[in-house]
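# Secondary and tertiary structure notes
Each chain, letter by letter, is given below.
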Amino acid sequence: MALSLYDSASRGNVPFEPADPARVRIYTCGPTVYRYAHIGNLRTYLLTDLLVRTLRFLGYGTFAVQNITDMGHMHQEQLEAGEDKVVAAARAAGKSAREIAAFFTEAFFRDGRHMAFFPADVYPRASEHVPEMIALVSALEERGVVYGEGGYLYFDVTKTPGYGVFSGTVLGEGEAAERTDEGIHRHKKRPEDFTLWLPAEAGREFQWESRWGRGWPGWHIECAAMAIKYLGPEFDVHVGGVDLRFPHHENSRAVVMTATGKRFAAVWMHAAHLLVDGKKMSKSAGNEYTLDDLAAAPRPGGKGFSPADFRHYCLTLHYSSPMNFTWEGQEAAARARSRLQAAFRRAALRGTSGGNAAAALRTEFLDAISDSLNMPRALAVAHKAVRSGIGGDVARSLAEEWDAVLAVGLLSEAGAESEAAVVGEGEPAGVPDAVAALARQRDALRAAGDYSGADALRERIRAAGYEVIDKGKETSRIVKR
Ligand SMILES: [Zn+2]
């Protein structure tokens with residue numbers, strides 16, 4: 001089955017036909033780095049990871065870009081209200097905006113490693129691409145779609161034919177119109193027009209010289225400029241959370257299409273919302289959970305939920321379905337993950353068997369991920385596989401192959417969690433596969449009562465610079481020495 005993806009612009013499954021299969025170009029809207037990523041953000045970034053892992057599994061090459069919004073505006077209305085969150089947080093903590101942004105950028109990378117996200121090829125910082133944004137605004141000016149005064153520049157959306165069709169927004173109706181704030185938008189002709197450039201207020205750290213005066217760029221122009229720079233005005237897939245569909249993606253798209261005459265992204269993928277106990281996450285409700293909150297969850301045995309447990313929970317739902325996070329749901333997913341791991345481990349320790357079933361299972365797995373990244377179905381195939389009598393090398397190779405996409409540590413209890421533990425010590429690299437394999441062999445020897453053999457393997461793991469930490473008869477963590 002050939003890969004098809006759900007395209008939220010055309011609202012249907014489309015056959016995936018990248019311009020260059022050896023280099024599929026992907027853009028993902030990245031974090032605004034003034035706070036920790038919550039689990040809803042992580043679910044969105046997971047979509048890019050699943051896309052990249054699936055493409056690579058299917059033999060494509062990938063080139064992925066994820067921006068870092070380090071100038072502090074997440075929502076256009078906050079931006080236009082002059083409320084810069086990076087600056088506000090920095091001031092409260094007595095730090096510079098750059099220091100705060102650098103701190104949370106690091107936290108974002110750490111979360112990504114813990115979640116086993118395949119790293120992007122480029123992480124452009126918005127603050128390092130302002131000349132490109134200024135050039136893009138100039139190009140828009142030449143097309144006659146820009147107006148404004150007093151250092152404010154706006155994009156006139158009525159000059160873009162079909163504006164609103166992408167997100168299903170009708171000018172003057174609905175959400176866009178409700179965002180109107182006469183005080184803030186005094187220069188604007190209509191609520192949907194959006195800011196391209198703003199004058200710098202006193203004390204603003206991030207500001208640049210331009211021929212419209214000292215100021216800073218609007219949010220929608222940022223992603224547009226960085227996408228064009230690294231991927232060109234036409235590329236294969238654009239990924240983001242569904243909350244960005246309007247106005248952010250509608251507007252980024254209008255900018256690029258108007259300035260370049262090109263179509264921007266061929267396919268748009270939007271990750272659905274994540275709710276907590278049926279409610280929207282918010283700071284005030286105290287339900288904006290992070291990976292640290294999951295790790296601190298009280299559970300029998302004193303160990304909270306690992307990033308891999310959360311990853312597994314996400315995989316039990318299709319990315320386009322809204323997810324209602326509950327602690328009970330997380331517990332069930334963590335248990336399902338351990339059962340699956342234990343079943344694969346037991347199967348791997350048995351004699352080799354089930355070679356005939358493996359081909360059909362491989363096809364089923366391939367069909368699942370090729371059907372717009374249907375991970376719940378892919379997980380079901382993994383469950384089916386361990387019940388089908390596979391054993392030994394057959395079980396081991398299926399687990400290894402499939403974990404290249406699922407990345408939930410199918411074969412090893414140590415796997416994903418040990419990586420997290422190592423990274424948690426400030427070490428960017430995960431546990432090398434060779435070390436993880438030695439730890440698995442050591443577990444097998446101990447299970448078989450061969451303690452001197454197990455000790456010899458422990459020495460080899462130490463020689464490679466790692467230490468195994470046991471829990472009962474199993475390795476619970478591998479940490480760097
Ligand atoms: Zn964006």
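Here's a quick rundown of the structure. (Residues numbered from 1 in each chain as written. Predicted model: local features only at pLDDT ≥ 70, side-chain atom pairs only at ≥ 80, totals over all residues. Heavy atoms only, no water.)

## A few points about the packing of aromatic side chains
Basically, it comes down to this: For this analysis, a ring pair means two rings from Phe, Tyr or Trp (six-membered ring only for Trp) whose centres lie within 6.5 Å, classed as stacked if their planes differ by under 30 degrees, edge-to-face if by over 60, and tilted for the remaining angles. Here, over-ring charges are defined by two tests on the NZ atom of lysine or the CZ atom of arginine: distance to the ring centre within 6 Å, and angle to the ring normal within 35 degrees.
Scanning all chains against the criterion turns up 25 aromatic pairs. Here the aromatic cluster, defined as three or more aromatic residues joined through ring pairs, consists of Tyr289, Phe305, Phe310, Tyr313, Phe325 and Trp327. A cation over a ring is seen here: arginine 23 above phenylalanine 63, with NZ or CZ 4.1 Å from the ring centre. Lying across the ring of tyrosine 147, lysine 189 places its NZ or CZ 4.3 Å from the centre.

## Some thoughts on the pattern of salt bridges
The cut-off we apply is this: For this analysis, a salt bridge means a side-chain nitrogen from Lys or Arg found within 4 Å of a carboxyl oxygen belonging to Asp or Glu. Counting from the N terminus, the helices are the DSSP runs of H or I reaching at least four residues and the strands are the DSSP runs of E reaching at least two. Partly exposed residues are those whose accessible area sits between 20% and 50% of the maximum for their type, while under 20% is buried and over 50% is exposed, using a 1.4 Å probe and protein chains only.
Following the criterion strictly, the structure yields 20 salt bridges and no others. Where aspartate 49 meets arginine 311, a salt bridge forms, and the shortest distance between an N and an O atom there is 2.8 Å. Of this pair, aspartate 49 sits in helix α1 (residues 39-57) while arginine 311 sits in helix α10 (residues 307-315), and the two are 262 residues apart along the sequence. Taken as a pair, aspartate 49 and arginine 311 share a single burial class, namely buried. The partner of arginine 299 in a salt bridge is glutamate 331, with the nearest N and O atoms 3.0 Å apart. Here the residue arginine 299 occupies a position in the loop between α9 (291-295) and α10, and glutamate 331 occupies one in helix α11 (residues 327-349), the gap between them amounting to 32 residues. You'll find arginine 299 and glutamate 331 in the same group, each marked buried.

## As for the coordination of the zinc ion
For a metal with four donors in a tetrahedral arrangement, the ideal angle between donors is 109.5 degrees, while six donors in an octahedron ideally sit at 90 or 180 degrees. Operational definition: Donor atoms (N, O, S) are those found within 2.8 Å of the metal centre, with the cutoff raised to 3.2 Å for Na, K and Ca; water is not part of the atom list, so apparent gaps in a site can occur.
Cys29 (SG), Cys223 (SG) and His248 (NE2) make up the full set of protein donors to the zinc ion, lying at 2.1 to 2.2 Å. The exposure class of histidine 248 is buried, given its relative accessible area of 0%.

## Here's the deal with the sheet that holds strand β4 (residues 62-66)
For clarity, the cut-off: When DSSP finds at least two bridges between two strands, those strands are taken to pair. The angle between two axes is taken between their N-to-C directions and runs from 0 to 180 degrees, where each axis is a line fitted to C-alpha atoms and a helix contributes only its stretch in contact.
What the four strands build is an open sheet, ordered β4-β3-β9-β10; its pairing is parallel. The open sheet has two free edges, formed respectively by β4 and β10 (264-271), since each of these has just one partner strand. For this sheet, the mean inter-axis angle between neighbouring strands, taken without regard to orientation, is 25 degrees. Judged from the seven bridges that link them, strand β9 (residues 234-241) and β10 form a sheet pairing that is parallel.

## Things to note about helix α7 (residues 219-231)
Operational definition: An expected span of 1.5 Å times one less than the residue number is assigned to each helix.
Over its 13 residues, α7 extends 18 Å from the first C-alpha to the last, a length consistent with the 18 Å expected when each residue adds 1.5 Å. Most of α7 sits out of view: 10 of its 13 residues are buried. Among the residues of α7, those classed as buried are Trp219, His220, Ile221, Glu222, Cys223, Ala224, Ala225, Met226, Ala227 and Leu231. Following α7 by one or two positions, glycine 232 has its phi on the positive side, about 85 degrees.

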